[in-house]
Every structure is written in C-alpha cells, then in structure tokens.
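# Remarks on the overall topology
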Amino acid sequence: MKFLSYIISSIFVVVFFLLLLIFHPIQWLGLKFFGQKGHQNVVNIMNWFLIQSLLILGVRVQVENEQNLPENTSLIFVSNHQSTFDISPIIWHFRKYNPKFVSKKELGKGIPSISFNLRHGGAALIDRKDARQALTELASFSKRIEKNNWSAAIFPEGTRSTTGVPKSFSPNGLKMITKYNPGAYVVPLTINNSWKVFKYGKFPLGLGSPIKIITHKPIKVGSLPFNELIASVESTIKESIL
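A few points on the structure.

### Description of helix α5 (residues 172–180)
- Within the sequence span of α5, burial applies to Gly173, Leu174, Met176, Ile177 and Thr178.
- Of the surrounding elements, those touching the buried residues of α5 are β2 (75–79), β3 (99–104), α4 (131–148), β5 (151–154), β6 (185–192) and α6 (226–239).

### Re the environment of His120
- With respect to the helices and strands, the residue His120 is situated in helix α3 (residues 114–120).
- Discounting chain neighbours no more than four positions away, the residues touching His120 are Leu31, Gln36 and His39.

### Regarding a positive patch on the surface
- Together, Lys104, Arg128, Arg160 and Lys202 give the surface a local cluster of positive charge.
- Within the secondary structure, Lys202 is located in the loop between β6 and β7 (211–215).
- A relative accessible area of 77% means that Lys202 is categorised as exposed.

### Examining unusual backbone geometry
- Of the consecutive residues Phe203 and Pro204, the connecting peptide bond is found in the cis state with omega at 0°.
- Relative to the elements of secondary structure, Pro204 occurs in the loop between β6 and β7.
- For Asn98, which is not a glycine, the phi torsion comes out positive at approximately 50°.
- When you line up the elements, Asn98 lands in the loop between α2 (87–93) and β3.
- You can call Asn98 partly exposed: its relative accessible area is 23%.
- For Ser113, which is not a glycine, the phi torsion comes out positive at approximately 65°.

What counts, and where the lines are drawn
- Throughout this document, residue positions are counted from 1 along each chain, in the order its sequence is written.
- Totals for whole chains, interfaces and linings use all residues, but because this is a predicted model, local features are given only for residues with pLDDT of at least 70 and pairs of side-chain atoms are given and counted only at 80 or more.
- Derived side-chain values reflect all non-hydrogen atoms in the structure, with water molecules and hydrogen atoms excluded from consideration.
- Residue exposure (1.4 Å probe, protein chains only): buried if accessible area is under 20% of the type maximum, exposed if over 50%, otherwise partly exposed.
- Secondary structure elements are defined from DSSP: runs of H or I of at least 4 residues count as helices, runs of E of at least 2 residues count as strands, and each element is numbered from the N terminus.
- Note on definitions: a residue-residue contact is assigned when non-hydrogen atoms from the two residues lie within 4.5 Å.
- Each patch is built from residues that are more than 30% exposed by relative accessible area and take part in no salt bridge. Like charges join if they lie within 9 Å; nonpolar side chains (Val, Leu, Ile, Met, Phe, Trp, Tyr) join within 5 Å.
- Working definition of accessibility: Shrake-Rupley area with a 1.4 Å probe, residue cover restricted to the visible protein chains.
- Here a salt bridge means any side-chain nitrogen of Lys or Arg lying within 4 Å of a carboxyl oxygen belonging to Asp or Glu.
- Charge counting follows a simple rule: Lys and Arg are positive, Asp and Glu are negative, and His as well as the terminal groups are ignored.
- Here the site of a charge means atom NZ of a Lys, CZ of an Arg, CG of an Asp or CD of a Glu.

Dropping the structure here:
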C-alpha cells in the first residue's frame, strides 16, 4: 500500500501545485479588475478545485452542517487543526460567510496562490515569536472582520496535531477577536481524519481516509463569560474527535 502511495502521491503533488500556479495570476486579475469580491470569488473556486484534487488520493471531504448559522453578522469559526487540508473545505463550504484565517507570518510569502491570498485577502499574519506584533495584528484583523462583516477562522491549538489527538487551546487569539466583534457568533468545528493524509510524514501521503468536518451549534459572543465560552467551545470540539 505504501509503495502505491508513492506513485499516487506524486501525481497528486503535481496536480495540487499546478492548481496553485494556475490560480496565482487569476487571483491577481480578480483583485486588479474586480476588487476584493472578485478576488474572493477566485479564491473560492480555487479551493473547490483543491478539494477535488484530494480524490486522486481517494480522500473524500464531507462537511456536516445541521445548524442554522446566523446571517448578516460575523461568525468566528473555531476548529481543531490536523493538516493543511483543513483549510480548503472551510473556505469553500462556508464561503457565503467569507471566512478569513489567522495564520503564521511565514505562510505570507513563497507559496503560489496561498501567500497571495493571505497577504491580500484579509487574513491575519502573526509572528509567533513576537507577542507584541501578534497582538497588534490580531487587533487589526478583528477590526477588519467587524468593519466588513466578514467571518474569522482560527485554530486555537496553534499547530497541527499529527496524530489526531488534540492539543490544549490557547485563548489569546479568540479573546482578541471576540473583543472587537461583540455581536458575532462563535461556531465550533470538529475536523476528523485529515491528519491521516500525513500519517507517513510529509511524503508519501496517506490514501483513502475520508475527511469529515462537523459544525456545532453557534454561541453568541457575550452570552457566556469568556473563560466559560472557550471552555465550552473546546469541550464541544474535542468530544466529537474520533
């Protein structure tokens, strides 16, 4: 099985990076001629293609959403983090809410399409080694979310879990976002199985493990003291991790 994975993974990597290369200039054109909305439409379509490319690995993505998510207000998507492939399904399946990610600064350069989107699409690029920069960037990001009626997406674990076992949630990022978005709703998401794509390490990739994302009941910011809010979100997410 691992030998077969080398062959299939090589095909997937070529397709995946070709998609990033193709959509990089298209993003630029979308932003140049159609502004933020045009750019976001290109990003959404690109992420649909990235999700479909996972079928090469035999990986299907299912997003379960039985919740009536509030509209005409900001949402704050909070999720556990298992792999790179957590991001595209959130962007595509919740595209009507315009989720913008909190990301590490290093991803803002050097990666076709992805770095361009992070720099120009409204994301927060934080330096995890510089607390002052991180707090300043998070504050600016949180204000952009509120001003544009966008939504935020954050992984409070900070780094990916390579075994699926969740790490402790850091409250700082979510606390800053809720501070500047008092009318928002926090939407917990549980991601399962995406870590298995990297179960052998960076290469080859794992085959045939479906990724499932579960949407939980939204919680109004301010309906609970913050410490209770993050504790409730963390327990809700972790209880659904397989």
